[in-house]
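# Tertiary structure, described
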Amino acid sequence: MQSIKFFTKFFRGSFALALVAGVLAGCAASPDAKRQPISLDPGARPQVEAPTNSATDTYPHTVANPYEGAFAQGAFGANDLPAPDTPPRPAGAITITLLLPMSSADENVRALANTLLQAAQLALFDVSRPELLLRVQDTGGTPGGAQTAARLALAAGTDLIVGPLFATSVQAVAPVLATASVPALAFSNDRSVASRNIWLLGFIPEDNIDRAIAQTIGQGLTRFGALLPQGAYGERLGRTLDERIARYGGELVQVEIYPPDAPGMFDPVKRLAQYETRRAAHAEEMARLEAEAKLLAPPDTASENLFDSIRDIAPELVSNYEALKRVETLGEIPYDAVFMPEGGLALRNLAPLLPYFDVDPRRVKFVGTGLWDDPELGQEPPLHGGWYAAPDAALWRKFSDHYADKFQTRPARLASIAYDAVALAARLSAVHANAPFRPQTLTDPNGFAGIDGILRLTPKGLAERGLAVHEIRRKKTVLVSPAPASFVERDRRMQAALALAATLQTQRANMMQEAGGFEVTPAEPLSLPAPRQ
């Protein structure tokens with residue numbers, strides 16, 4: 001892999017210097033060299049004619065979407081689209097084919113597909129490479145349509161496929177690409193569908209978990225509870241969570257599964273909070289204090305005046321009683337952090353239940369995934385102080401502004417993946433004129449730097465990323481731990497986390513040995529939960 005220096009020189013004087021050289025450059029020429037992606041500089045943009053808000057010939061060598069107007073008007077159904085004429089491939093062209101659900105029966109999916117197409121076109125416009133040809137094959141939003149689209153792309157002589165979008169569609173195209181020499185960069189984040197010749201560029205939840213758990217344990221919070229959704233997604237994350245917590249030296253002490261409906265979430269959260277046990281302990285302690293007060297109070301003192309009558313002779317007893325009256329539970333929770341992977345409405349329904357059942361977010365760290373990367377969560381007080389792993393937002397904001405400037409609308413979050421995929425193709429074809437998309441080239445161990453940070457494709461068909469850890473605040477999120485600037489830095493952080501894990505595991509083993517083979521939890525001072533507001 002050539003160095004950043006070569007790539008910068010190649011695109012000097014064009015917008016690629018600002019948004020492609022800095023965004024899709026090789027991270028390191030040497031495994032020991034710490035390399036920083038070139039920063040974005042809007043001032044470096046040349047004055048060029050802006051692309052319009054449609055898929056037209058404004059973009060160099062882009063095959064226009066023949067259905068664009070029809071999609072908006074609903075002129076075609078999912079199964080009666082006319083087949084577009086594929087123009088002949090120019091001599092010497094490098095062809096990138098997008099597999100997108102342009103005619104999906106779902107309006108939201110069609111809108112997302114159009115956003116991905118526009119992001120890919122924007123990348124092509126920015127690099128200004130006349131030999132790059134971008135084509136679109138409609139998948140219809142179905143696995144069968146995706147398989148047909150992949151066959152058509154291969155028959156037309158494509159060099160690289162970007163897509164499809166859904167995991168089921170990725171599975172469908174896998175047999176088609178297994179024996180082909182053309183790779184695919186898919187949008188899916190379901191690692192189970194990675195296969196030969198297909199790399200997943202989606203944000204894989206397991207990577208989010210890995211980064212967030214390592215950061216949490218590194219801050220001394222080693223005991224975890226978890227609230228996981230019913231279904232395959234929750235089961236998948238549960239297996240990963242257990243393995244990653246153990247890997248970094250922590251303990252998963254309690255897991256509860258909740259259904260998708262809001263009323264059904266009450267009991268799982270109540271169990272996780274050990275609410276009934278702690279409430280019983282509260283009642284027992286209240287009764288003990290009352291019994292002790294009766295022994296000290298004058299005979300025949302009315303119950304409502306009991307503690308007032310001993311305020312001067314037993315102020316500590318009175319203080320403890322009054323503190324208990326302000327709460328409903330007593331006793332420590334056996335975990336330092338609660339992991340909740342979902343976002344959106346499910347998270348908004350779930351999070352308030354934890355403080356409702358006396359799990360105080362000021363004492364217990366709430367931890368999530370990239371689905372928490374939502375500015376509106378700042379309006380949810382229970383999530384203030386919560387941590388999640390996601391790409392550094394600075395480059396995304398600049399890309400979003402650039403996209404909005406050209407299309408007069410904000411892009412969907414996945415748009416950066418489409419942009420990065422096309423920009424990566426441009427990068428590789430510039431450096432490797434012959435066979436730019438060989439597996440050995442795609443899986444360069446030094447990786448690349450894109451809009452969403454560093455990216456490294458693995459031989460197993462996955463994409464490793466360097467993520468930051470963010471904390472939710474009322475007005476905005478703040479950076480807790482920055483994303484690594486290179487895979488050298490990322491790998492070093494990993495080594496440090498594993499070294500800490502070995503220390504924690506040794507300490508736990510020693511404690512078990514001292515306790516005669518039984519695992520024990522260090523005693524902590526008894527403290528009351530904060531009063532419910």
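As a reminder, the structure under discussion sits directly above these lines.
We now turn to the structure provided with this report. Since we're looking at a predicted model, the values are computed, not measured.

Next up on the list: the pairing of strand E15 (residues 468–471). Both faces of the sheet carry side chains from a regular strand, because those side chains alternate between them. Side chains of E15 alternate between two faces, with Ala468 and His470 and Val469 and Glu471 buried alike. Looking at chain direction, strand E11 (residues 387–390) and E15 are connected through four bridges and run antiparallel. Bridge pairing in E15 places tryptophan 387 opposite glutamate 471. In this structure, the hairpin formed by E15 and strand E16 (residues 478–481) is closed by a connection of six residues.

Right, let's get into unusual backbone geometry. Of note, the bond from glycine 163 into proline 164 is cis; its omega dihedral lies within 30 degrees of zero at 0 degrees. The phi dihedral of aspartate 358 is positive, around 65 degrees, even though this residue is not glycine. Tracing the sequence through the fold places aspartate 358 in the loop between helix H13 (353–356) and strand E10 (365–368). The exposure class assigned to aspartate 358 is buried, which follows from its relative accessible area of 8%.

Looking now at the pattern of salt bridges. Within this structure, the stated rule accounts for 29 salt bridges. The salt bridge partner of arginine 244 is aspartate 210, with a shortest N-O separation of 3.1 Å. Separated by 34 residues along the polypeptide, arginine 244 in helix H8 (residues 232–247) and aspartate 210 in helix H7 (residues 205–218) bring together distant segments of the chain. For arginine 244, a relative accessible area of 13% translates into the label buried. When its relative accessible area of 11% is taken as the criterion, aspartate 210 is described as buried. Among the salt bridges present, the one from glutamate 292 reaches arginine 288, with a minimum N-O distance of 3.2 Å. Of this pair, glutamate 292 and arginine 288 both sit in helix H10 (residues 275–296), four residues apart, which is roughly one turn of the helix. Each of the salt bridges in this network shares a partner with another, and the network as a whole consists of Asp210, Glu243, Arg244 and Arg247.

Attention shifts here to the sheet that holds strand E9 (residues 337–339). The strand order across the open sheet formed by seven strands is E8-E7-E9-E10-E11-E15-E16, and the pairing between neighbours is mixed. Single-partner strands in this sheet number two, and they are strand E8 (251–258) and E16. Averaged over all pairs of adjacent strands, the angle between their axes in this sheet comes to 30 degrees, without regard to strand direction. Of the strands in this sheet, strand E7 (223–229), E8 and E9 touch H8, which is tilted by about 170 degrees from E7.

Once that is clear, we can look at helix H11 (residues 315–325). Helical geometry note: an α-helix holds 3.6 residues per turn, so side chains three or four residues apart project in the same direction. Along H11, the residues classified as buried are Leu317, Val318, Tyr321, Ala323 and Leu324. Against the buried residues of H11 lie H10.

To continue, consider the sheet that holds strand E4 (residues 160–162). One open sheet holds the five strands; their spatial order is E3-E2-E4-E5-E6, and the pairing between them is parallel. Looking at the sheet topology across the chains shown, the edges are occupied by strand E3 (132–138) and strand E6 (198–200). Recorded for the sheet is a direction-independent mean angle of 20 degrees between the axes of neighbouring strands. Relative to E6, strand E5 (residues 184–186) is paired through three bridges, and the arrangement is parallel. Bridged to alanine 184 within E6 is isoleucine 198. This element, helix H4 (residues 107–127), spans strand E2 (94–100) and E3 of the sheet and lies at about 175 degrees to E3.

Rules behind the numbers
Residues numbered from 1 in each chain as written. Predicted model: local features only at pLDDT ≥ 70, side-chain atom pairs only at ≥ 80, totals over all residues. Heavy atoms only, no water. Buried < 20%, exposed > 50% of the residue type's maximum accessible area, 1.4 Å probe, protein only. Helix = DSSP H or I, 4+ residues; strand = E, 2+ residues; numbered from the N terminus. Pairing = 2+ DSSP bridges. Salt bridge = Lys/Arg side-chain N within 4 Å of Asp/Glu carboxyl O. Axes fitted to C-alpha atoms, helices over the stretch in contact; angles between N-to-C directions. Contact = heavy atoms within 4.5 Å.

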